[in-house]
Amino acid sequence: QVQLVESGGGLVQAGDSLRLSCAASGRTFSTYAMGWFRQAPGKEREFVAVITSGSSTNYADSVKGRFTISRDNAKNTVYLQMNSLKPEDTAVYYCAARRFMTSKYDYWGQGTQVTVSS
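Presented here is an overview of the structure given in this document. Computed from a prediction, not measured in an experiment: that's the story for all the values here.

## Some thoughts on the nonpolar core
Generally speaking, nonpolar side chains in soluble globular proteins are found buried as a group.
Right, so step 1: In this structure, Leu-4, Trp-36, Leu-80, Met-82 and Tyr-93 are the most contacted members of the largest nonpolar core, which totals 30 residues.
Right, so step 2: Sequence-distant contacts of Met-82, that is, excluding residues within four places in its chain, are made with Asp-16, Ser-17, Leu-18, Leu-20, Arg-66, Phe-67, Tyr-93 and Val-114.
Right, so step 3: Judged by nonpolar contacts, the second largest core, of five residues, contains Ala-33, Val-50, Ala-96 and Tyr-105.

Following this line, the structure appears as structure tokens:
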């Protein structure tokens, strides 16, 4: 069982930066792939970024060059550094964990609100 606790959301202006954090329970954190997703009201949840247990990364086209995902296994924490924020980045951001040798994300955080004003 994994619990994910997110923090770092807030209200910022376009062009500003935020760093989201997601702290995970469990001693097997280093074996999980960790992903970030986001969802705006009335919209479907969409993929943002993922970092594997081997620290390879992948990003949605909409955030490439602006967002960076990273992890600190000693702290059981994954981060999403968001730079050059745009109003269209406004959403609830969720972190999720995927167990080794599985294809789906099994654990989800509660979400943290990111609002970007123009």
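Once you've had a look at it, read on.
## Considerations on unusual backbone geometry
Right, so step 1: One non-glycine residue with positive phi stands out, namely Ser-55, at about 70 degrees.
Right, so step 2: Turning to its location among the elements, Ser-55 is positioned in the loop between strand 5 (46–51) and strand 6 (57–59).
Right, so step 3: The exposure class assigned to Ser-55 is partly exposed, which follows from its relative accessible area of 44%.
Right, so step 4: At Met-101, a residue that is not glycine, the phi angle is positive and equals roughly 65 degrees.
Right, so step 5: Here Met-101 is to be found in the loop between strand 9 (91–98) and strand 10 (107–108).
Right, so step 6: On the accessibility criterion, Met-101 (74% relative accessible area) is exposed.

## Some details on the state of the cysteines
Right, so step 1: The final tally for this structure, using the stated rule, is one disulfide.
Right, so step 2: Through a disulfide, Cys-22 is tied to Cys-95; the S-S separation comes to 1.9 Å. Between Cys-22 and Cys-95, the S-S torsion sits near 45 degrees, and that sign places the bridge as right-handed. Here Cys-22, found in strand 3 (residues 18–24), pairs with Cys-95, found in strand 9; they are 73 residues apart in sequence, far enough to count as distant. With respect to class, Cys-22 is no different from Cys-95; both count as buried.

Criteria and thresholds
- Residues numbered from 1 in each chain as written.
- Predicted model: local features only at pLDDT ≥ 70, side-chain atom pairs only at ≥ 80, totals over all residues.
- Heavy atoms only, no water.
- Core = buried A, V, L, I, M, F, W, Y, C linked by side-chain atoms within 4.5 Å.
- Buried < 20%, exposed > 50% of the residue type's maximum accessible area, 1.4 Å probe, protein only.
- Contact = heavy atoms within 4.5 Å.
- Helix = DSSP H or I, 4+ residues; strand = E, 2+ residues; numbered from the N terminus.
- Disulfide = S-S within 2.5 Å.

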